[in-house]
Amino acid sequence: MGDQESVGVAYHRPSDALTRYVTGYHRFAAPVVPGHVFHDAFFPSVATIRVTLAGSPPWALRIGSRTYDPVPTVALTGPTSYAGYVTGSGGILVGAGLLPYGWAQLFGGDVSRLSNRVIPLDELDPGAEMLRAALETGEPVQQVFDAWLEARLQRRAPADPRIDRLCTMLRDPATTRIEAVAESLDMTPRALAALTRFNFGFTPKLLLRRTRFLRALSAVLTQPDAAPMALEEAGYWDRSHFLRDSHLFLGCSVREFSRRRGPHNQLAIRARTEALGEPV
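The rules behind the values
Position numbers for residues start from 1 in each chain and track the written sequence from start to end. Per-residue local features of the predicted model are confined to residues with pLDDT of at least 70, and side-chain atom pairs are confined, for both listing and counting, to 80 or more; whole-chain, interface and lining totals are unaffected and use all residues. Note that the side-chain values use all heavy atoms of the structure and ignore hydrogens as well as water. Only one rule defines a salt bridge in this text: a Lys or Arg side-chain nitrogen within 4 Å of an Asp or Glu carboxyl oxygen. Relative accessible area decides the class of each residue, using a 1.4 Å probe on protein chains only: under 20% of the type maximum gives buried, over 50% gives exposed, and in between gives partly exposed. The helix and strand labels rest on DSSP assignments: H or I over at least four residues marks a helix, E over at least two residues marks a strand, and numbering proceeds from the N terminus. Pairing between two strands is assigned when DSSP locates at least 2 bridges connecting them. An axis is simply a line fitted to the C-alpha atoms; with a helix, the fit covers only the stretch in contact. Between two such axes, the angle follows the N-to-C directions and lies from 0 to 180 degrees. In what follows, residue pairs with any heavy atoms lying within 4.5 Å of each other are defined as contacts. In this analysis the probe radius is 1.4 Å and the grid spacing 1 Å, with only protein atoms considered; a cavity is a set of points the probe fits into but cannot get out of, a pocket is an open set with protein on both sides within 12 Å along at least five of seven lines, and lining residues have an atom within 4 Å of a point. Grid points are joined across faces, edges and corners, and a volume is the space filled by probe spheres set on the points. Polarity classes work like this: nonpolar for Ala, Val, Leu, Ile, Met, Phe, Trp, Tyr, Cys and Pro, charged for Asp, Glu, Lys and Arg, and polar for all others, with Gly in that last group.

Colleague: Outline the pattern of salt bridges, listing residues and values.
Modeller: Counted by the stated rule, this structure contains 9 salt bridges. Between Arg 162 and Asp 160 there is a salt bridge whose closest N-O contact spans 2.8 Å. For Arg 162, a relative accessible area of 28% translates into the label partly exposed. The salt bridge involving Asp 245 is made with Arg 209; its shortest N-O contact spans 2.3 Å. Here Asp 245 is found in helix 9 (residues 239–250), whereas its partner Arg 209 is found in helix 7 (residues 204–222), with 36 residues between them in sequence. Residue class for Asp 245 comes out buried when judged on its relative accessible area of 1%. Exposure remark for Arg 209: the relative accessible area of 27% places this residue in the partly exposed category. One connected set of salt bridges, linked through shared partners, spans Arg 209, Arg 212 and Asp 245.

Below you can see the structure in the form of structure tokens.
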């Protein structure tokens, strides 16, 4: 979503002090053209702070059956199990992805109440407008977010360290069994489910499915010829198995998603990989 001189997608790494809490920062820009409406998409993801900068027209976001029109200027999107479909007229959007450990440490509380939802960030932090004002000074996005988030870290007691360990396990392609995850954390499967719903927004099974699907999806979108091998490596029995997850997480087939997504989603995979080391 910007002015004519700043079209594109950029990702930035957080400071070393924040890598346990934040996936990274992003900046989407598109020229504002009167009468032009564009469509794009976000992948299912962790909770995300998104700030629409001054001079940018309002934009809308559909997540599952809910549509937010307009999206709050300084918004928090909870963790999502559905793709987000964007309608807008251009502008500049900057944001930060919050890892579950980051959510627990920076904000805390039951994040499942925000799953697949969007709220104004000031419902959680009265300083949300100060964040937006700082981002509009022209200072680099990563420096502004680093300063704002590091200040928040000082306000709360340390979060449960098992959340951080669980994040690492869920990102590991070798993690396939919920029972093994629970055992490694010295928890019952029921206690593990309570922990993930509270801090991740979803059950462990859904989190594993989402991680596996996004890993396969990024490969299918970037290397279509290698799709069969990518699906097998991700643990899918066949294409119909993958298609079921596609309809669950995208609301459509991958072929239809490819038609719905716009240039920012296409650029994001490469830009994110180059900056953060992971495509999604």
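Colleague: Help me get a handle on the sheet that holds strand 1 (residues 8–12), residues and values and all.
Modeller: Pairing in this open sheet of 6 strands is antiparallel, and the strands run 1-2-9-4-7-10 from one edge to the other. Both edges of this open sheet fall to strand 1 and strand 10 (118–120), since each of them pairs with a single strand only. With direction set aside, neighbouring strand axes in the sheet form an average angle of 20 degrees. Where helix 2 (residues 128–135) meets the sheet, it contacts strand 4 (47–52), strand 7 (74–77) and strand 9 (91–98), and its direction lies at approximately 60 degrees from that of strand 4. Its contacts with the sheet put helix 3 (residues 141–153) on strand 1, strand 2 (22–30), strand 4 and strand 9, and the angle it makes with strand 2 is roughly 140 degrees.

Colleague: Explain empty space enclosed by the protein to me, using residue names and the numbers behind them.
Modeller: When its volume is computed, the largest cavity comes out at roughly 70 Å³. In this structure, the largest cavity is lined by Val 46, Ala 47, Pro 79, Leu 98, Leu 99, Pro 100, Trp 103, Val 111, Asn 199, Phe 200, Leu 207 and Arg 210. Those elements giving two or more residues to the lining of the largest cavity turn out to be helix 1 (100–106) and helix 7. When its residues are assigned to classes, the lining of the largest cavity shows 10 nonpolar, 1 polar and 1 charged.

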